[in-house]
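Structural description and commentary
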Amino acid sequence: DTGVSQDPRHKITKRGQNVTFRCDPISEHNRLYWYRQTLGQGPEFLTYFQNEAQLEKSRLLSDRFSAERPKGSFSTLEIQRTEQGDSAMYLCASRQGGNEQFFGPGTRLTVL
Amino acid sequence: KQEVTQIPAALSVPEGENLVLNCSFTDSAIYNLQWFRQDPGKGLTSLLLIQSSQREQTSGRLNASLDKSSGRSTLYIAASQPGDSATYLCAAVEGSARQLTFGSGTQLTVLP
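Attention in this report is confined to the structure presented alongside it. (Residues numbered from 1 in each chain as written. Chains lettered and ligands numbered in written order. Predicted model: local features only at pLDDT ≥ 70, side-chain atom pairs only at ≥ 80, totals over all residues. Heavy atoms only, no water.)

Here's the deal with the packing of aromatic side chains
Counted under the stated rule, the structure contains 10 aromatic pairs over all chains. Note on Y35(A) and F102(B): the rings are 5.9 Å apart at their centroids and 90° apart in plane angle, and the pair reads as edge-to-face. Of this pair, Y35(A) sits in strand β4 (residues 31-37) while F102(B) sits in strand β10 (residues 99-102), each in a different chain. What makes F102(B) buried here is its relative accessible area of 9%. One cation-aromatic arrangement involves R22(A) over F74(A); the distance from NZ or CZ to the ring centre is 3.9 Å. When the ring centre of Y31(B) is taken as reference, the NZ or CZ atom of R98(B) above it lies at 3.5 Å. (Phe/Tyr/Trp six-rings, centres within 6.5 Å; stacked < 30°, edge-to-face > 60°. Helix = DSSP H or I, 4+ residues; strand = E, 2+ residues; numbered from the N terminus. Buried < 20%, exposed > 50% of the residue type's maximum accessible area, 1.4 Å probe, protein only. Lys NZ or Arg CZ within 6 Å of the ring centre and 35° of its normal.)

Okay, here's the thing in structure tokens:
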């Protein structure tokens, strides 16, 4: 069990550029979540996958954000036309049948 | 809309002290409550998950309680150590996706 991994760990980009993050969940976990955390706040839910199906999306997930999980394994989160307000830690979590979610180390995005 | 509040926002104690962190939530229709630890710039480490049918859960020096009817949970840390210094987050597990709704956390500093 290697845990949830995320890549890259840090990303610095200029406003208006597109960025893509990757999450690899724990291998047997079929449920995957994305959260966003800004400084001094708790994480906020963005979206949820069960296998390859995206079943829930928060209203925080604007149309500049898109998430995929093409084969029910790893997932990607893309942000198009980044804005300074997108600067945050993007966290991925996975779980199997129980309710306990396990988090990755996060990707810290800085938009200049 | 669920709101999760954690009090205090920050706490500083001398090593060896027992302490209690508080978490309250507005909607008692939750599945479970999960406590996490977050070190600066890192992802979240799951500490304890309390099922809605349980009243408490223990792991080592940690004990978490849940009172759904009053919308409260507490995390008790016995014999605190400097290595316990971190931000502690509670999260309500809710919704069809079993997504987490987080509080803003309590930043704990244990002084040697």
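Text resumes after the structure shown.
As for unusual backbone geometry
Backbone phi values are negative for most residues with the exception of glycine, while trans is the configuration of most peptide bonds. For the bond from D7(A) to P8(A), the omega torsion is -5°, close enough to zero to count as cis. Structurally, P8(A) can be placed in the loop between β1 (5-7) and β2 (10-13). Here I7(B) and P8(B) are connected by a cis peptide whose omega angle stands at 0°. Following the sequence through the fold, P8(B) ends up in the loop between β1 (4-7) and β2 (10-14). In this structure, A79(B) takes a positive phi of about 45° despite not being glycine. By the secondary structure assignment, A79(B) is in the loop between β8 (72-77) and β9 (86-94). Residue classification places A79(B) among the partly exposed positions, given a relative accessible area of 36%. Its identity is not glycine, yet R98(B) carries a phi of approximately 55°, on the positive side.

As for the sheet that holds strand β7 (residues 62-67) of chain B
All names here are of chain B. Judged by pairing direction, the sheet is antiparallel, and its five strands sit side by side in the order β1-β3-β8-β7-β6 without closing on themselves. Taken across any chain shown, the strands that pair with only one partner, and hence form the sheet edges, are β1 and β6 (56-59). For this sheet, the mean angle separating the axes of adjacent strands, direction not counted, is 15°. Relative to strand β3 (residues 19-25), β1 runs antiparallel, the two being bridged by four bridges. Bridged to V4 within β3 is F25. (Pairing = 2+ DSSP bridges. Axes fitted to C-alpha atoms, helices over the stretch in contact; angles between N-to-C directions.)

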